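Here's the letter readout for the chains.
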Amino acid sequence: MAEQEDQTPQPVSIYEMLIMVVDQTAAMAWQKLGLQPDMRTGQIHQDMAEAKVAIDITTHLSTFIEPKLDEEDKRELHNLIRNLRMNYVQKSQGESS
């Protein structure tokens, strides 16, 4: 009986949902930067305006989940955002060159 209680599904918290959304918006940012293929077409397509929106959303939503993360997860989140921003700058400079 105790095993059944341990397997009882728990409601999804808003923080779990936000983590999923952050993961998805970050994935879209990589795609829009032209660094990963589009998940629908399988083709590389760069759209810097949409990449910026995806990075900004990822950054903003991360502020809500960061307090709930342990130090390692916080570090990973900061690295993700830093890498997205650095790649955005590099790709933006490449366009204007």
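Basis of the calculations
Residues numbered from 1 in each chain as written. Predicted model: local features only at pLDDT ≥ 70, side-chain atom pairs only at ≥ 80, totals over all residues. Heavy atoms only, no water. Helix = DSSP H or I, 4+ residues; strand = E, 2+ residues; numbered from the N terminus. Rg over C-alpha atoms; globule rule 2.2 N^0.38 Å. Buried < 20%, exposed > 50% of the residue type's maximum accessible area, 1.4 Å probe, protein only. Contact = heavy atoms within 4.5 Å. Areas by Shrake-Rupley, 256 points an atom, 1.4 Å probe, with all protein chains shown as cover. Lys, Arg positive; Asp, Glu negative; His and termini not counted. Charge placed at Lys NZ, Arg CZ, Asp CG, Glu CD. Axes fitted to C-alpha atoms, helices over the stretch in contact; angles between N-to-C directions. Parallel < 35°, antiparallel > 145°, perpendicular 65-115°, else oblique. Left-handed = near helix turned anticlockwise from the far one by under 90°. pLDDT = per-residue confidence, 0-100. Patch = residues over 30% accessible without salt bridge, like charges linked within 9 Å, V, L, I, M, F, W, Y side chains within 5 Å. Salt bridge = Lys/Arg side-chain N within 4 Å of Asp/Glu carboxyl O.

## Here we look at the overall build of the chain
A tally of helices and strands in the chain yields four helices and zero strands. In sequence order, the secondary structure elements of the chain are arranged as α-α-α-α. Taken over C-alpha atoms, the radius of gyration comes to 17 Å for the chain, far larger than the 13 Å a tight globule of 97 residues would show. Expressed as lengths along the three principal axes of its C-alpha atoms, the size of the chain is roughly 65 × 30 × 20 Å. Looking at the chain as a whole, 26% of its 97 residues qualify as buried. For the chain, restricting intrachain contacts to residue pairs at least 6 apart in sequence, the fraction spanning at least 24 positions comes to 57%. For the chain, the exposed area adds up to about 7,100 Å²; of that, 54% sits on carbon and sulfur atoms. Computed over 9 positive and 16 negative side-chain charges, the inter-centroid distance for the chain is 10 Å.

## A few points about the packing of helix α2 (residues 14–32) against helix α3 (residues 48–65)
α3 packs onto α2 with a crossing angle of 155 degrees between their chain directions and a minimal axis gap of 8 Å. Comparing their axes, α3 and α2 come out roughly antiparallel. As for how α2 packs across α3, the hand of that crossing is left-handed. Of α3, the residues touching α2 (which contributes Tyr 15, Leu 18, Ile 19, Val 21, Val 22, Thr 25, Ala 26, Met 28, Ala 29 and Lys 32) are Met 48, Glu 50, Ala 51, Ala 54, Ile 55, Ile 57, Thr 58, Leu 61, Ser 62, Phe 64 and Ile 65.

## Details of the confidence of the model for the chain
When pLDDT is averaged along the chain, the result is 92; 91% of the residues meet or exceed 70. Of all secondary-structure elements in the chain, the lowest mean pLDDT belongs to helix α1 (residues 2–6), at 56, while α3 reaches the highest, 97.

## Here we look at the side chain of Gln 31
Here Gln 31 is to be found in helix α2. For Gln 31, a relative accessible area of 7% corresponds to the buried category. Excluding residues that lie within four positions of it along the chain, Gln 31 makes contacts with Gln 36, Pro 37, Asp 38, Met 39 and His 45.

## Considering a negative patch on the surface
A contiguous patch of negative charge on the surface is contributed by Asp 70, Glu 72, Asp 73 and Glu 76. Counting through the fold element by element, Asp 70 comes out in the loop between α3 and α4 (71–96). Given the relative accessible area of 45%, Asp 70 is considered partly exposed.

## Structural notes on a nonpolar patch on the surface
On the surface, a nonpolar cluster with roughly 530 Å² of combined accessible area is contributed by Val 12, Ile 14, Tyr 15, Met 17, Met 20 and Val 21. By the secondary structure assignment, Met 20 is in helix α2.

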